[in-house]
Amino acid sequence: MKVHLKIWRQKNQQEKGHFETYTVDEVNEHMSFLELLDVLNERLIKEGKDPVAFSHDCREGICGSCGMVINGRPHGPDSLIATCQLHMRQFRDGDTIVVEPFRAKAFPVLKDLVVDRSALDRILQAGGYITVNTGSAPEANSIPIPKKIAEEAFSAATCIGCGACVAACKNSSAMLFVAAKVSHLALLPQGQAERTERVKKMVKAMDKEGFGACSNTGACEAECPKGISLRHIARMNREYLRATFIAE
Amino acid sequence: MKLDAKIPEGPIQNKWKKHKANLKLVNPANKRKYEIIVVGTGLAGASAAASLGELGYRVKVFTYHDSPRRAHSIAAQGGINAAKNYHNDNDSVGRLFYDTIKGGDYRAREANVYRLAELSVQIIDQAVAQGVPFAREYGGLLDNRSFGGAQVARTFYAAGQTGQQLLLGAYSALNRQVAEKTVSVFTRREMLDLVVVDGRARGIIVRNLVTGEFERHSAHAVVLATGGYGNVYYLSTNAKHSNVTAIWRAYKRGAFFANPCFTQIHPTCIPQSGSYQSKLTLMSESLRNDGRVWVPKSREVAEKIRRGELTANDVSESERDYFLERRYPAFGNLVPRDVASRAAKERCDAGYGIVPTGLGVFLDFRDAIERLGKEVIRERYGNLFQMYEKITGENPYETPMKIYPAVHYTMGGLWVDYNLMSTIPGLYVIGEANFSDHGANRLGASALMQGLADGYFILPVTIGDYLATLPFDKISTDLAEFKDAEQKCIQNTERLISIQGNKTVDELHRELGKIVWDYIGMSRNREGLILAREKIRNLREEFYRNLRIPGGRHEINEQLERAGRVQDFLELAELMALDALHREESCGGHFREEYQTEDGEAKRNDELFSYVAAYEFRGEEEPTLHKEMLHFEYVKPTQRSYK
């Protein structure tokens with residue numbers, strides 16, 4: 001099959017970007033979307049042109065590097081996947097596919113489809129951890145955790161930090177990302193000691209990075225490659241409310 | 001130079017304890033006067049950097065990713081071993097030690113492996129305390145499953161995302177140290193050279209991958225935690241950026257490279273589907289707990305499946321050959337990886353493959369689903385099944401998975417002593433980047449264990465013994481050694497850009513990968529290895545003549561980054577061939593066709609090859625081989641049997 005790609009090209013952070021259109025023939029339905037870009041890039045290099053820059057690494061949906069908006073949807077037209085898991089069988093012969101970077105004030109474009117998501121790291125550095133020095137941990141089975149609670153914590157902890165939730169939100173809110181960590185740690189007995197401070201610090205860091213307020217539309221959940229639930233945002237809101245009433 | 005592994009004297013149970021007691025300490029006030037560079041932020045790097053920061057050292061961490069969390073440890077699926085004996089199935093430190101030595105086909109150091117088994121239990125405690133949400137039983141206690149090469153259930157897991165959860169644990173510990181300002185993280189920086197001053201590792205040269213600037217960074221010690229070199233095969237289960245450059249350039253600065261030909265081919269990966277394929281995807285070994293591997297008993301049936309005239313579900317029970325269960329009744333589908341991979345290759349080479357290319361076998365969950373129900377299977381492997389379906393478009397709940405072996409892990413790496421220090425004083429190497437612990441074959445769920453044992457518990461203790469002997473003075477990056485190393489990096493980069501030939505980096509890399517897979521892959525022979533060396537040399541010559549890199553060096557330029565890595569793979573590949581050629585025996589993942597038992601199993605030669613082969617770089621000349629003899633006092637080497 002054959003597809004037309006309308007891709008956002010931007011030389012660097014300073015320059016204004018624009019769309020360019022490319023046609024790729026000989027697309028195989030088993031190809032991944034990133035492999036399609038590889039094929040395009042090989043051709044561009046041979047033609048003496050600049051290949052399209054995009055982030056990628058593991059190509060199995062877990063490292064969270066890849067991420068682009070494809071036909072208006074972060075990670076493209078399939079659910080519960082990262083861009084690298086999108087395969088060409090999702091498209092039809094002759095389709096025009098529009099490819100853009102994740103767009104958010106807090107994610108400046110560095111080149112073409114590559115954005116700077118270091119704001120997410122800084123939020124976690126503000127408090128997304130349990131304070132425990134190496135070597136000081138008690139025996140692992142000394143703290144039983146009900147299976148259901150452990151699974152709920154795990155469902156939040158599966159966040160891959162790709163930023164699709166931010167790109168999907170009309171307010172560019174990072175609520176789902178932040179909530180996933182707050183909820184994961186607040187659910188576990190190990191996370192109780194820092195529970196109150198953690199949510200306050202992380203929300204403050206989130207606001208400082210320029211992410212917007214929750215839009216309450218649920219777009220983040222719909223586009224999350226790991227299907228992280230809005231429940232976690234609800235839990236973070238309760239945690240935050242609780243924290244404001246507790247003086248420390 | 002004689003290799004001294006510095007293995008402590010005394011009974012194996014006491015070696016580590018005694019060694020620790022003898023190590024020099026740095027007092028807390030002095031720790032902040034020492035700077036340590038850690039390159040890589042996977043399990044080993046992140047855990048080491050966090051632990052060193054907690055101790056009070058000033059740590060500088062480098063990663064080429066945009067965030068430390070993206071390191072390839074994140075993709076480890078199945079689990080992590082620990083001798084907790086929570087299942088009362090008679091597991092112990094001694095048994096984990098024994099399984100690992102045997103699994104590695106008696107090519108690892110006993111003392112290191114024993115220490116690893118001892119530390120395994122603490123790793124689980126540490127991870128749980130950090131909030132790593134391991135799978136649990138209804139009573140709230142931790143659950144376990146079995147992995148290849150073991151007859152006990154000692155593998156802790158978090159669905160099929162164990163590596164992710166453990167890495168996020170280490171990353172959170174790292175984040176805490178960033179907040180405490182003991183650790184600075186430099187993202188999007190690629191290490192391109194090691195700086196050695198007066199015979200000691202004193203710093204690194206990195207390229208800022210956004211601006212293209214080269215930077216000099218100094219420290220009192222350098223730790224490489226830069227992972228394995230499986231991508232020398234082009235197609236592997238490694239992430240696209242995983243590479244050998246950091247350890248290769250350290251090799252060229254004097255660190256010995258050990259056992260380069262020991263590479264692991266993992267039996268259960270999704271088979272290749274086309275020439276555009278950019279990487280292979282692993283399906284966790286844990287699937288072999290419940291999945292059964294088979295091909296049809298008849299070639300005609302296999303042929304019909306290949307042509308699409310029959311499907312797996314059309315093949316009756318009596319027509320199926322569960323070849324692992326047939327050949328290895330004691331371990332069945334849970335034989336170690338090298339054994340399972342070779343058995344699958346044997347069937348496919350004999351004409352029983354079930355995918356159009358002929359290179360694929362079934363991994364079937366039908367019986368497990370019947371026995372346990374779909375829900376239990378979903379709970380255990382849900383994300384893996386989903387991943388499989390997204391890639392192949394087939395539903396493994398209804399039709400068996402199709403799998404084939406693929407390159408997954410490299411046991412070889414820089415040589416280190418018991419303290420994890422390389423042959424360059426002050427240069428430490430941890431995790432997959434070093435050669436230790438796994439011998440000629442790594443057991444499943446042991447990579448996470450080793451990376452974290454190195455990073456959390458071993459390096460932070462042993463490095464103090466070295467630092468305690470050094471003055472506090474800050475090391476200047478204006479020293480000639482730094483300037484020279486930086487100049488060399490700039491020159492090399494400009495040289496690569498200036499070639500302006502006709503082939504892309506990927507084209508050359510694919511060609512290299514094919515040579516390495518064909519001749520230094522799952523089975524090797526003398527003739528092929530000699531041919532491989534010649535082919536690699538020719539390709540290297542073409543690389544410098546015909547490479548084409550677009551753009552310049554002062555911008556984000558992924559092609560330029562990859563060219564530097566392929567440049568090193570082209571040199572490494574030759575060393576792999578050389579090592580595979582010299583090792584005239586079969587052991588673990590290194591299978592020389594000339595050396596096999598009557599029933600096709602690997603045949604070791606302990607008399608001649610019971611050693612670690614460590615290579616010293618000699619410029620244009622052949623590298624010098626140094627041997628570290630292996631002594632087995634506790635586990636007597638025998639013909640490995642899983643029957």
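Residues numbered from 1 in each chain as written. Chains lettered and ligands numbered in written order. Predicted model: local features only at pLDDT ≥ 70, side-chain atom pairs only at ≥ 80, totals over all residues. Heavy atoms only, no water.

### Side note on the overall build of chain A
(1) Moving on: Regarding its fold elements, chain A presents eight helices and seven strands.
(2) Moving on: Across its three principal axes, chain A shows a C-alpha extent of roughly 60 × 35 × 35 Å.
(3) Moving on: Counting all 248 residues of chain A, 60% fall into the buried class.
(4) Moving on: Only carbon and sulfur atoms are counted for the fraction: they give 51% of the accessible area of chain A, which is about 9,700 Å².
(5) Moving on: Mean positive and mean negative side-chain charge positions of chain A (32 and 30 charges, respectively) differ by 6 Å. (Helix = DSSP H or I, 4+ residues; strand = E, 2+ residues; numbered from the N terminus. Buried < 20%, exposed > 50% of the residue type's maximum accessible area, 1.4 Å probe, protein only. Areas by Shrake-Rupley, 256 points an atom, 1.4 Å probe, with all protein chains shown as cover. Lys, Arg positive; Asp, Glu negative; His and termini not counted. Charge placed at Lys NZ, Arg CZ, Asp CG, Glu CD.)

### Let's talk about the overall build of chain B
(1) Moving on: From N to C terminus, chain B includes 18 helices and 19 strands.
(2) Moving on: Expected size for 643 residues packed as a compact globule is a radius of gyration near 26 Å; at 24 Å, chain B falls within 12% of this value.
(3) Moving on: Referenced to the eigenvectors of the C-alpha coordinate spread, the extents of chain B come out at roughly 75 × 60 × 50 Å.
(4) Moving on: Looking at chain B residue by residue over its 643 residues, the buried ones come to 69%.
(5) Moving on: Long-range pairs, those at least 24 residues apart, make up 75% of the contacts in chain B between residues at least 6 apart in sequence.
(6) Moving on: As presented, chain B carries roughly 21,100 Å² of accessible surface, and 48% of it is formed by carbon and sulfur atoms.
(7) Moving on: In chain B, 85 positive and 82 negative side-chain charges are present, and the distance between their average locations comes to 3 Å. (Rg over C-alpha atoms; globule rule 2.2 N^0.38 Å. Contact = heavy atoms within 4.5 Å.)

### As for a nonpolar patch on the surface
(1) Moving on: A cluster of nonpolar side chains, Leu 241, Phe 245 and Ile 246 of chain A, forms an exposed patch at the surface whose accessible area comes to about 330 Å².
(2) Moving on: Structurally, Ile 246 of chain A can be placed in the segment after helix 8 (231-245). (Patch = residues over 30% accessible without salt bridge, like charges linked within 9 Å, V, L, I, M, F, W, Y side chains within 5 Å. Salt bridge = Lys/Arg side-chain N within 4 Å of Asp/Glu carboxyl O.)

### Some remarks on the domain arrangement of chain B
Residues and elements named next belong to chain B.
(1) Moving on: Per the domain assignment, the segments of chain B are domain 1 (267-407) and domain 2 (480-605).
(2) Moving on: Taking the mean C-alpha position of each, domain 1 and domain 2 sit 31 Å from one another.
(3) Moving on: For the pair domain 1 and domain 2, the summed buried surface comes to about 790 Å²; carbon and sulfur atoms form 55% of the total.
(4) Moving on: Here domain 1 and domain 2 share one salt bridge between them.
(5) Moving on: The salt bridge involving Arg 327 is made with Glu 601; its shortest N-O contact spans 3.2 Å. (Domains from an automatic or database assignment. Buried area = accessible area lost by both parts, 1.4 Å probe.)

### Things to note about the packing of aromatic side chains
Residues and elements named next belong to chain B.
(1) Moving on: Inspection of every chain in the model, using the stated rule, returns 27 aromatic pairs over all chains.
(2) Moving on: Clustering of aromatic rings is evident, with ring pairs tying together Tyr 229, Trp 248, Tyr 251, Phe 257 and Phe 617.
(3) Moving on: The lysine or arginine in question, Arg 442, covers the ring of Tyr 409, its NZ or CZ lying 4.0 Å from the ring centre. (Phe/Tyr/Trp six-rings, centres within 6.5 Å; stacked < 30°, edge-to-face > 60°. Lys NZ or Arg CZ within 6 Å of the ring centre and 35° of its normal.)

### Re the environment of Pro 471 of chain B
Residues and elements named next belong to chain B.
(1) Moving on: Positionally, Pro 471 belongs in the loop between helix 13 (447-467) and helix 14 (480-498).
(2) Moving on: Look at Pro 471 and you get partly exposed, because its relative accessible area is 48%.
(3) Moving on: Residues Pro 471 and Glu 593, spaced 122 residues apart in sequence, show a C-alpha to C-alpha distance of 53 Å.
(4) Moving on: The residues contacting Pro 471, other than those within four sequence positions of it, are Tyr 34 and His 220.

### Here we look at the sheet that holds strand 1 (residues 3-9) of chain A
Residues and elements named next belong to chain A.
(1) Moving on: One open sheet holds the five strands; their spatial order is 2-1-5-3-4, and the pairing between them is mixed. Both edges of this open sheet fall to strand 2 (18-24) and strand 4 (73-74), since each of them pairs with a single strand only.
(2) Moving on: Two strands pair when backbone bridges link them, and strand 3 (residues 69-70) and strand 5 (residues 96-100) are joined in this way by two bridges, in the antiparallel orientation. Residue pairing in the sheet places Ile 70 in a bridge with Val 99 of strand 5. (Pairing = 2+ DSSP bridges.)

### A word on the interface of chain A and chain B
(1) Moving on: Each side of the interface is counted separately: chain A has 72 residues, and chain B has 79 residues.
(2) Moving on: Here chain A and chain B share an interface that buries about 6,200 Å² over both sides, 50% of which is from carbon and sulfur atoms.
(3) Moving on: At the junction of chain A with chain B, the criterion picks out seven salt bridges.
(4) Moving on: For the salt bridge of Lys 147 of chain A with Glu 379 of chain B, the shortest nitrogen-to-oxygen distance reads 3.3 Å.
(5) Moving on: Remark: the boundary between chain A and chain B carries 49 residue pairs in polar contact (both at pLDDT 80 or more).
(6) Moving on: Mapped by element, the contributors of at least two residues to the side of chain A that touches chain B are helix 1 (33-46), strand 6 (109-111), strand 7 (114-115), helix 2 (118-125), helix 3 (147-157) and helix 5 (175-187) of chain A.
(7) Moving on: The element that contributes the greatest number of residues to the side of chain A that touches chain B is helix 1 of chain A, accounting for six residues. (Polar contact = N/O pair within 3.5 Å; in protein donor to acceptor, adjacent residues only side chain to side chain.)

### Section: the side chain of Glu 486 of chain B
(1) Moving on: Looking at where Glu 486 of chain B falls in the secondary structure, it is placed in helix 14.
(2) Moving on: Under the relative-accessibility criterion, Glu 486 of chain B is labelled buried at 12%.

### Overview of the packing of helix 14 of chain B against helix 17 (residues 558-582) of chain B
All names here are of chain B.
(1) Moving on: Close contact between helix 14 and helix 17 brings their axes to 10 Å; oriented N to C, the two are set at 105°. With respect to helix 17, the element helix 14 is oriented roughly perpendicular. On the side of helix 14, the interface is formed by Asn 492, Thr 493, Leu 496 and Ile 497, while helix 17 contributes Leu 560, Ala 563, Gly 564 and Gln 567.
(2) Moving on: In terms of residue class, the contact of helix 14 with helix 17 is made up of four nonpolar, four polar and no charged. (Axes fitted to C-alpha atoms, helices over the stretch in contact; angles between N-to-C directions. Parallel < 35°, antiparallel > 145°, perpendicular 65-115°, else oblique. Nonpolar A, V, L, I, M, F, W, Y, C, P; charged D, E, K, R; others polar.)

### Topic: the domain arrangement of chain A
Residues and elements named next belong to chain A.
(1) Moving on: With domains assigned, chain A is organised as domain 1 (3-111) and domain 2 (118-245).
(2) Moving on: Its C-alpha centre places domain 1 at a distance of 29 Å from the equivalent point of domain 2.
(3) Moving on: Per-residue buried area on domain 1 facing domain 2 is highest for Pro 74, Ala 106 and Phe 107; these three make up 34% of the total on that side.
(4) Moving on: Notably, a salt bridge pairs Glu 223 with Arg 73, separated by 3.0 Å at the nearest N-O pair.
(5) Moving on: Inspection of the domain 1/domain 2 interface yields two residue pairs in polar contact (both at pLDDT 80 or more).
(6) Moving on: In terms of residue class, the side of domain 1 that touches domain 2 is made up of eleven nonpolar, three polar and three charged.

### Points about the packing of helix 15 (residues 505-520) of chain B against helix 16 (residues 526-546) of chain B
All names here are of chain B.
(1) Moving on: Between helix 15 and helix 16, whose axes approach to 9 Å, the crossing angle comes to 170°. As the angle between them shows, helix 15 and helix 16 are arranged roughly antiparallel. Packed against helix 15, whose contacting residues are Leu 508, Glu 511, Leu 512, Ile 515, Tyr 519 and Ile 520, the element helix 16 presents Gly 528, Leu 529, Leu 531, Ala 532, Lys 535, Ile 536, Leu 539, Glu 542 and Phe 543 at the interface.
(2) Moving on: When its residues are assigned to classes, the contact of helix 15 with helix 16 shows eleven nonpolar, one polar and three charged.

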